[in-house]
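Structural overview for review
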Amino acid sequence: MTDFKFVNYLWNDETVPADPVDRLIYRSNMLGSDQRITNTGGGNTSSKLQQKHPLTGKLTDVMWVKGSGGDLRTSKRANFASLEQAALDSLESIYKADPAKGAKTPVEDRMVAMYPHCTFNLNPTASSIDTPLHGLLPAKHVDHMHPNAVISIAAAKNAKKLTREIYGDDVVHIPWQRPGYDLGLIMRDVAKANPKARGIVMGQHGLINWADDDKACYTLTLELIERAARYIESKDKGDKTFGGQKYRDLPEEKRIDLLAEVLPWLRGKVSQQRGFIATIQATPAVLRFINSIDAPRLAELGTSCPDHFLRTKIKPLYVAWDPQSGNLQSLKATLEKGLEQYRADYASYYNECKRPDSPAMRDPNPTVVLIPGLGMIAFGKNKSESRVTAEFYTCAIEVMRGSEAMDEYIALPRQEAFDIEYWALEEAKLKRMPPEKELERRVVVIVGAGSGIGKVTAHRLAKEGAQIVSVDMTETGAQETADELTKQYGLGIGVAGTGISGCGPAIAASADITKRESVRKALKQAVLAYGGIDHLVITAGIFVPPDEKGNIPDDKWALTFGVNVSGIYFAVKEAQTLFDQQQLPASVVITTSVNAVVAKKGSVAYDTSKAAANHLVRELAVELAPKVRVNAVAPATVVAGSAMFPRDRVIASLAKYKLPYTAEEETDALRDRLAEFYAKRTLTHQPITPADQADGIWFMLSKASSKTTGQVLHVDGGLVDAFLR
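The notes below deal with the structure included here.

Another aspect to go through is the overall build of the protein. From N to C terminus, the protein includes 24 helices and 18 strands. For 725 residues, the compact-globule estimate of 2.2 N^0.38 gives 27 Å, and the C-alpha radius of gyration of the protein, at 30 Å, lies within 12% of that figure. Along the first, second and third principal axes, the C-alpha atoms of the protein reach 100 × 70 × 50 Å. Of all 725 residues assigned to the protein, the portion counted as buried reaches 58%. Across the protein, the fraction of contacts at a sequence separation of at least 24, relative to all contacts at a separation of at least 6, is 75%. Summing over all exposed atoms, the protein offers an accessible surface of approximately 30300 Å²; the carbon and sulfur share of this is 54%. The averaged location of the 87 negative side-chain charges in the protein is 2 Å from the averaged location of its 89 positive side-chain charges.

The structure is reproduced here in structure tokens:
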């Protein structure tokens, strides 16, 4: 087959690497790049190769297989485990010697602990639980994928019959069984008993197929998926898909406005135990499902593929709300009732299915919410994870569409689902994950992020795991910072998200903080991208030098107070609206200045505006308590990297302090001289940098200052004139 319609054939003989391990990586990346073939993080591939043993120098049979937690689309060599085939083969006698062997027996989990003893060449990559599925099949190359089309067969009521009808002798169906050593033995026996078979449909799970040539294995994978997809297309129900439409989409503008209104409130409701970042998925296919007659029934059944519900939980929250007759208040009321019932259902599911040694019940809040007319809202600990969650339920929708077109969709039994979700190996994997960074699960809006202290702060907080909303007067500056962060940290592995919600760890927005509506629009973008905000940092400010006679024009005086005082107030009050909706702990950090407490000639407008800003911090701290903390960081003479020290101001300051300079000198050299002069006036004799301010802002946002509000932290190197008296 060469005329693929439902998958992308990407193999290129001219670009495929020569090294056999690199060829496996190439094959894996090609398969993982097509969502119709496998989902993010799902599926695995393997190749059995001959390589020189590092000790004996003799050729040794080695199986390379995608390791635990890797993603096929982005995998590199470090994501693959390598195991000596002879050592793997020796595990069979250990397994069979156990009298209690079989699916979900203790020996199954103990076998996983044996895989590291089979490691070839000290490869540190951990093997996945699917290792025996690859190791026990005799073929040299094996692909295990999670294609929506094939899972539609696997999740159909008459899956065995459909498999036979679609594939004949080429593929055999086996019932659902949790991955493990016993399943690997079953697959080997099935392949031996069916010599014409080239693949297996794994009940409720996916597809595994094999070949002795890697290109042939890749092509076979695509052919088997294509055959399933074409069969589903022949059974497509058109307008009657999912029973037809019960609700209609809202107009785009109204849909976005309503999402912006409900998202912070909803995020607050599901984040009471731990914070969540949201992703909106509102593609036509997703809306067709959510708006359908059958959506409530199918949503209640839950997902099928275990890879799906590890992210999406046993089922989503479907909200029976009519977008044509309902409003925001009725939507919130329906959501409130639905959330209460969902938590109760999840607790019942846990209590009915738990084992004596089951881990404690996890967060009972939904990670997927389906709202007719609006779309899907998915949640995760960061943007990438929430996009993966949205992607997985989008795949689940496609699986249900295919199953219902051919037959009848059935979900994984509740006990089986529970035993996957609360599997000891999955719990151990969670515990092995590195601790979350302090600002993970948090969204930080930084006003003034296009340059200077704001830009450095954006980088400092992103390093701590924050999702960053880069706001500046100029969209160019804001976008530059957001692009830097996205390039540094990547878009993440999730591929879902509609509109701005398909973003990565940072977005950009322009705003003039002297205008409330401008700030409101920027915050709306933050909500649509991430679901809400947790912290507001304002580094934007303005310094207007006096004229030659020392006067400040009235309009410049008003502008100084407009930006440095009124703008801060407007931005905080607009953010307060979101904070109030979320009802989550939040904080604000404002950049003021030590000039607020130092009277001197030549900066009267700036200094008095900063004094007002300092007191505004105290007033806002009182007003926004107890949920929101408000603090300030007060720098002194941050010259290097500051937008407030253009060349002409630097030269004016050098002249003011009678410091030598020439017009031919580079601006950076002049800035360094002025910074060194300022440093010598302090007790520490250290120049103050934007990074110092960013550290101060980080401290004020962190748990270390969780009981501090209404305070102004001086980061000035010890400027005696700024000591409070």
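Moving on, we come to the side chain of Glu226. The topology assignment puts Glu226 in helix H8 (residues 214-234). Polar side-chain contacts of Glu226 include one of 2.8 Å to the backbone nitrogen of Lys5.

With that out of the way, let us pick up the environment of Trp210. As for its placement among the helices and strands, Trp210 is situated in strand E7 (residues 206-211). Trp210 sits in the buried class, given a relative accessible area of 12%. Sequence separation between Trp210 and Arg198 is twelve residues; the distance between their C-alpha atoms is 5.9 Å. Leaving out residues up to four positions away in the same chain, Trp210 has contacts with Leu137, Ala139, His141, Val142, Ala191, Ala197, Arg198, Gly199, Ile200, Cys217 and Leu220.

A word on the packing of helix H9 (residues 252-270) against helix H20 (residues 554-582). H20 packs onto H9 with a crossing angle of 45° between their chain directions and a minimal axis gap of 7 Å. Relative to H20, the element H9 is oriented oblique. Contact residues: Glu261, Pro264, Trp265, Arg267 and Gly268 in H9; Leu578, Gln581 and Gln582 in H20. When its residues are assigned to classes, the contact of H9 with H20 shows three nonpolar, three polar and two charged.

Attention now goes to the packing of helix H2 (residues 85-97) against helix H3 (residues 106-114). Where H2 contacts H3, the axes come no closer than 11 Å and their chain directions differ by 155°. Classified by the angle between their axes, H2 and H3 sit roughly antiparallel to one another. The way H2 lies across H3 gives a crossing that is right-handed. Residue-level contacts link Leu91, Ile94 and Tyr95 of H2 to Val107, Glu108, Met111 and Met114 of H3. Broken down by class, the residue content of the contact of H2 with H3 amounts to six nonpolar, no polar and one charged.

Once that is clear, we can look at the sheet that holds strand E6 (residues 199-202). Pairing is mixed across the open sheet formed by seven strands, whose spatial order is E3-E2-E1-E4-E7-E6-E5. Unpaired on one side and paired on the other, strand E3 (80-84) and strand E5 (171-174) mark the two borders of the sheet. Mean inter-strand twist for the sheet, computed between neighbouring axes without regard to direction, equals 20°. Where strand E2 (residues 59-66) lies against E3, five bridges are found, and the strand directions are antiparallel. Looking at E3, one finds that Met63 is bridged to Leu83. Sheet contacts for helix H1 (residues 20-32): strand E1 (44-52), E2, E3 and strand E4 (141-145); angle to E1, the most-contacted strand, approximately 170°. The strands that H8 touches are E4, E5 and E7; relative to E7, the one it contacts most, it runs at about 145°.

Bringing the pairing of strand E12 (residues 443-447) into the picture now. Most of E12 sits inside the fold, with five of its five residues counted as buried. Residues of E12 alternate between two faces, with Val443, Val445 and Val447 on one and Val444 and Ile446 on the opposite face, all of them buried. Read from E12 through helix H17 (residues 452-463) to strand E13 (residues 467-472), the crossover connection turns out right-handed. By the bridge criterion, four bridges tie E12 to strand E15 (residues 535-538) in an arrangement that is parallel. Its bridge partner being in E15, Val445 is matched across the sheet by Leu536.

The topology assignment puts Thr592 in the loop between strand E16 (586-591) and helix H21 (604-624). A residue is classified by how much of its surface remains accessible, and Thr592, at 1% relative accessible area, is buried. Ignoring any residue separated from it by four or fewer positions in sequence, one finds Thr592 in contact with Tyr606, Lys610, Ala613, Asn614, Ala632, Val633, Ala634, Pro635 and Val712.

All right, on to the pattern of salt bridges then. One pass over the structure, following the stated rule, counts 42 salt bridges. Among the ionic pairs, Asp294 bridges to Arg297, the shortest N-O distance being 3.5 Å. With relative accessibility at 17%, the residue Asp294 sits in the buried group. Residue classification places Arg297 among the partly exposed positions, given a relative accessible area of 38%.

On to the sheet that holds strand E14 (residues 506-510), then. Strand pairs in the sheet, formed through backbone hydrogen bonds, run parallel or antiparallel to each other. In spatial order, the strands read E14-E13-E12-E15-E16-E17-E18; together these seven strands make up an open sheet with parallel pairing. Each edge of the open sheet is held by one strand with a lone partner, namely E14 and strand E18 (712-715). Within this sheet the neighbouring strands show an average axis-to-axis angle of 20°, counted without direction. The strands touched by H21 are E16, strand E17 (628-635) and E18; relative to E17, the strand with the most contacts, the crossing angle is about 165°.

With that out of the way, let us pick up the environment of Gly531. Within the secondary structure layout, Gly531 lies in the loop between helix H19 (516-530) and E15. Along the sequence, Gly531 and Glu666 sit 135 residues apart, while their C-alpha atoms lie 45 Å from each other. Each residue touching Gly531, except ones within four places of it in the same chain, is listed here: Leu263, Pro264, Arg267, Ala278, Ala526 and Gln582.

This part covers a nonpolar patch on the surface. On the surface, Leu683, Val720 and Phe723 cluster together to form a nonpolar patch covering roughly 280 Å² of accessible area. If you trace the backbone, Val720 turns up in the segment after E18. For Val720, a relative accessible area of 36% gives the class partly exposed.

Of all eight residues in E2, six are buried, a share of seventy percent or more. Where E1 and E2 come together, seven bridges link them in antiparallel fashion. Paired with Ser46 across the two strands is Val65, which belongs to E2. What sits between E1 and E2 in their antiparallel hairpin is a turn of six residues, with Gly57 showing a positive phi close to 75°.

The subject of this paragraph is the environment of Gly69. Positionally, Gly69 belongs in the loop between E2 and E3. Relative accessible area serves as the criterion here: at 70%, Gly69 is assigned to the exposed category.

Reading the values: rules and limits
- Residues numbered from 1 in each chain as written.
- Predicted model: local features only at pLDDT ≥ 70, side-chain atom pairs only at ≥ 80, totals over all residues.
- Heavy atoms only, no water.
- Helix = DSSP H or I, 4+ residues; strand = E, 2+ residues; numbered from the N terminus.
- Rg over C-alpha atoms; globule rule 2.2 N^0.38 Å.
- Buried < 20%, exposed > 50% of the residue type's maximum accessible area, 1.4 Å probe, protein only.
- Contact = heavy atoms within 4.5 Å.
- Areas by Shrake-Rupley, 256 points an atom, 1.4 Å probe, with all protein chains shown as cover.
- Lys, Arg positive; Asp, Glu negative; His and termini not counted.
- Charge placed at Lys NZ, Arg CZ, Asp CG, Glu CD.
- Polar contact = N/O pair within 3.5 Å; in protein donor to acceptor, adjacent residues only side chain to side chain.
- Axes fitted to C-alpha atoms, helices over the stretch in contact; angles between N-to-C directions.
- Parallel < 35°, antiparallel > 145°, perpendicular 65-115°, else oblique.
- Nonpolar A, V, L, I, M, F, W, Y, C, P; charged D, E, K, R; others polar.
- Left-handed = near helix turned anticlockwise from the far one by under 90°.
- Pairing = 2+ DSSP bridges.
- Right-handed = clockwise from strand over helix to strand, strands pointing away.
- Salt bridge = Lys/Arg side-chain N within 4 Å of Asp/Glu carboxyl O.
- Patch = residues over 30% accessible without salt bridge, like charges linked within 9 Å, V, L, I, M, F, W, Y side chains within 5 Å.

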